[in-house]
Amino acid sequence: MIRNNKGYALIITCLLLPLVLLSIGLVSFGLLKTRHVQEMKSVCQVQYHSYFSGLKTEMDTIKLFGTTAMALYQAQMIMLPMIWMPPVLKAYRALFNFRKKMERLQDKLIALFNNVNRLRSIQTFASIQRALYSENKKIKNTLTHQSLASYTTDPKLQIKKRLNITFPPYAPHPQIELRQKFTTLIKSNIQPKSWIQVMSISRLSENFDCSATLVSKANGDLSISYSL
């Protein structure tokens, strides 16, 4: 009877062992993937913070121009009823010419910011790509990744004229949250090593995306919103 019990125990152990190994393999595999994704989320947040902090600074600069633009416009409107007076007319023209110069300066600054942001968006994506490559190397002994990353963004400042005048003030676009979004998509084909494949885990596909954008608050300030 004792021998039979030992035999049954051995049979049960042999039957359960593959299940136990499979469970351990699945848990290890899941933890490894989770760590990989969490690392990439952290990288995305750091890179996006740097990128959008720069955008916020540029937006604040354009906002300062807007304060000057409104002051000059209002000053010129005050002169308008007295424009028939030669001294006032002269001051009116001088102020208008100054506003045109300020508009050219503002346009050049916006164009400069847009060009800088185009380069910074490429640099941001390149940094995420480098981090992805580094993470894949860390786990290559367990998971072989073939990752393809892509991104979508419009690096231009998403701003809109508040008034259609010479040297206009600008404000964030009403749809800035949608239009300023920076999204990175990572598509990975995962080929586990042979010891995992034995446990019925073959080639897997995994998609991961992270994004961030600027959100306009009620007081007009901007904040960075992450989706990781």
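Structure's up top.
Throughout, residues of each chain are indexed from 1 in the direction in which the sequence is written. For a predicted model such as this one, the threshold for reporting local features is a pLDDT of at least 70, and the threshold for listing and counting side-chain atom pairs is 80 or more; totals across whole chains, interfaces and linings nevertheless cover every residue. The side-chain numbers reported here are obtained from all heavy atoms of the structure, hydrogens and water having been left aside.

Participant: Mind laying out the packing of aromatic side chains, listing which residues take part and the relevant values?
Facilitator: Here a ring pair, both rings aromatic, is described through the centre-centre distance and the interplanar angle of the planes. Any two of the Phe, Tyr and Trp rings considered here, Trp counted by its six-membered ring, make a pair once their centres fall within 6.5 Å; the pair's planes then place it as stacked at under 30 degrees, edge-to-face at over 60, or tilted in between. Tallied over the entire structure, the rule returns seven aromatic pairs. Consider the rings of Phe65 and Phe167, whose centres lie 6.4 Å apart with planes at 85°: the pair is edge-to-face. Taken as a pair, Phe65 in helix α1 (residues 2-79) and Phe167 in the loop between β2 (159-161) and β3 (170-172) lie far apart in primary sequence, 102 residues in all. The class of Phe167 is buried, set by a relative accessible area of 0%. Following the ring pairs from residue to residue traces out a cluster consisting of Tyr48, Tyr51, Phe52, Phe125, Tyr151 and Phe182. We count a stretch as a helix when DSSP gives it H or I for four or more residues in a row; a strand needs E for two or more, and each element gets its number in order from the N terminus. Any residue under 20% of the maximum accessible area for its type is buried, any over 50% is exposed, and the rest in between are partly exposed; the area is computed with a 1.4 Å probe on protein chains only.

Participant: Break down the pattern of salt bridges for me, citing the residues and quoting the values.
Facilitator: A pair is scored as a salt bridge if a Lys or Arg side-chain nitrogen falls within 4 Å of a carboxyl oxygen belonging to Asp or Glu. This model, assessed by the stated rule, comprises one salt bridge. Here Asp221 and Lys63 are joined by a salt bridge, their closest N and O atoms 4.0 Å apart. Remark: Lys63 occurs in helix α1 and Asp221 occurs in the loop between β5 (204-216) and β6 (222-227); sequence separation between them is 158 residues. You can call Asp221 partly exposed: its relative accessible area is 38%. When its relative accessible area of 44% is taken as the criterion, Lys63 is described as partly exposed.

All quantities given are derived from atomic positions and should not be read as evidence of function.
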